[in-house]
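# Report on the structure
Below are the chains, spelled out letter by letter.
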Amino acid sequence: MSSKTVANHLHRYKKKNIGVNGKEFFVYVCTKPACSHYVRIDLAEGKLCECNKCHEAMIITREVMTKSSGKPMTLPHCLGCVKRKKVTDVEVGAITEFLGGVKTTP
Ligand SMILES: [Zn+2]
Ligand SMILES: [Zn+2]
């Protein structure tokens, strides 16, 4: 009966102001091709979407909604992508070498 096509993908959101006449009305629009889905930004919390960085499924948490100086992220990404990369063994080795090799002469 319904001609609506149900999205069979996770939406990947981007913040967009669709307000007219200078008004601000922020929504998260799906950036995937052939998808015109969007959700009001104040209703986006708790929704499932795709991370803009690792493309894994993620939930829009309060942190996502406040991460960008108290405002929602422009391109939401998961908390795993927020964390800084762990220092690799190679880097640790290089640091140790650097510290051990440098002698300070008085
Ligand atoms: Zn979509
Ligand atoms: Zn991610």
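Check the entry above for the structure.
Residues numbered from 1 in each chain as written. Chains lettered and ligands numbered in written order. Predicted model: local features only at pLDDT ≥ 70, side-chain atom pairs only at ≥ 80, totals over all residues. Heavy atoms only, no water.

Okay, the coordination of the zinc ion (ligand 1) next. Ideal values differ by geometry: the angle at a metal is 109.5 degrees with four tetrahedral donors, but 90 or 180 degrees with six octahedral donors. Within the first shell, the zinc ion (ligand 1) binds the protein through His9 (NE2), His11 (ND1), Cys30 (SG) and Cys35 (SG), at distances of 2.0 to 2.3 Å. Exposure remark for histidine 9: the relative accessible area of 28% places this residue in the partly exposed category. (Donors = N, O, S within 2.8 Å, 3.2 Å for Na, K, Ca; no water. Buried < 20%, exposed > 50% of the residue type's maximum accessible area, 1.4 Å probe, protein only.)

Further remarks concern the coordination of the zinc ion (ligand 2). On the protein side, the zinc ion (ligand 2) has Cys51 (SG), Cys54 (SG), Cys78 (SG) and Cys81 (SG) as donor atoms, found 2.3 Å from it. Every donor counted, the four donor atoms about the zinc ion (ligand 2) form angles of 103 to 116° at the centre, which fits tetrahedral coordination. Each donor residue of the zinc ion (ligand 2) lies on the same chain, and together they follow the pattern C-x2-C-x23-C-x2-C. A residue pair is termed long-range when its members are at least 10 positions apart, and cysteine 54 in the loop between strand 4 (48–50) and strand 5 (57–59) and cysteine 81 in helix 2 (residues 79–82) qualify at 27 residues. A relative accessible area of 23% places cysteine 81 in the partly exposed class. (Tetrahedral: all angles 85-135°; square planar, octahedral: opposite > 155°, others 65-115°. Helix = DSSP H or I, 4+ residues; strand = E, 2+ residues; numbered from the N terminus.)

On to a nonpolar patch on the surface. Together, Ile18, Phe25 and Tyr38 line one region of the surface with nonpolar side chains, adding up to about 280 Å² of accessible area. Note on placement: phenylalanine 25 falls in the loop between strand 1 (13–17) and strand 2 (26–30). (Patch = residues over 30% accessible without salt bridge, like charges linked within 9 Å, V, L, I, M, F, W, Y side chains within 5 Å. Areas by Shrake-Rupley, 256 points an atom, 1.4 Å probe, with all protein chains shown as cover. Salt bridge = Lys/Arg side-chain N within 4 Å of Asp/Glu carboxyl O.)

This brings us to the sheet that holds strand 2. Strand order in the open sheet made by the three strands is 1-2-3, with antiparallel pairing throughout. Here the strands that pair on one side only, and so sit at the sheet edges, are strand 1 and strand 3 (38–40). Taken over all neighbouring pairs, the strand axes of this sheet differ in orientation by 30° on average, direction set aside. Looking at chain direction, strand 2 and strand 3 are connected through three bridges and run antiparallel. For tyrosine 28, the partnering residue across the bridge sits in strand 3 and is valine 39. (Pairing = 2+ DSSP bridges. Axes fitted to C-alpha atoms, helices over the stretch in contact; angles between N-to-C directions.)

A large share of strand 2 lies buried, amounting to four of its five residues. Summarising the sheet, strand 1 and strand 2 pair through five bridges and their orientation is antiparallel. Bridge pairing links lysine 16 to valine 27 in strand 2.

A separate point is the pattern of salt bridges. The full count for this structure, using the stated rule, is five salt bridges. In this structure, the salt-bridge partner of glutamate 50 is lysine 32, at a minimum N-O distance of 2.8 Å. With glutamate 50 in strand 4 and lysine 32 in the loop between strand 2 and strand 3, this residue pair connects regions lying 18 residues apart in the sequence. Both residues of the pair, glutamate 50 and lysine 32, count as buried. Salt-bridge contacts for glutamate 45 lead to arginine 62; the nearest nitrogen and oxygen are separated by 2.9 Å. Of this pair, glutamate 45 sits in the loop between strand 3 and strand 4 while arginine 62 sits in helix 1 (residues 62–66); the two residues are 17 residues apart in sequence, bridging distant segments of the chain.

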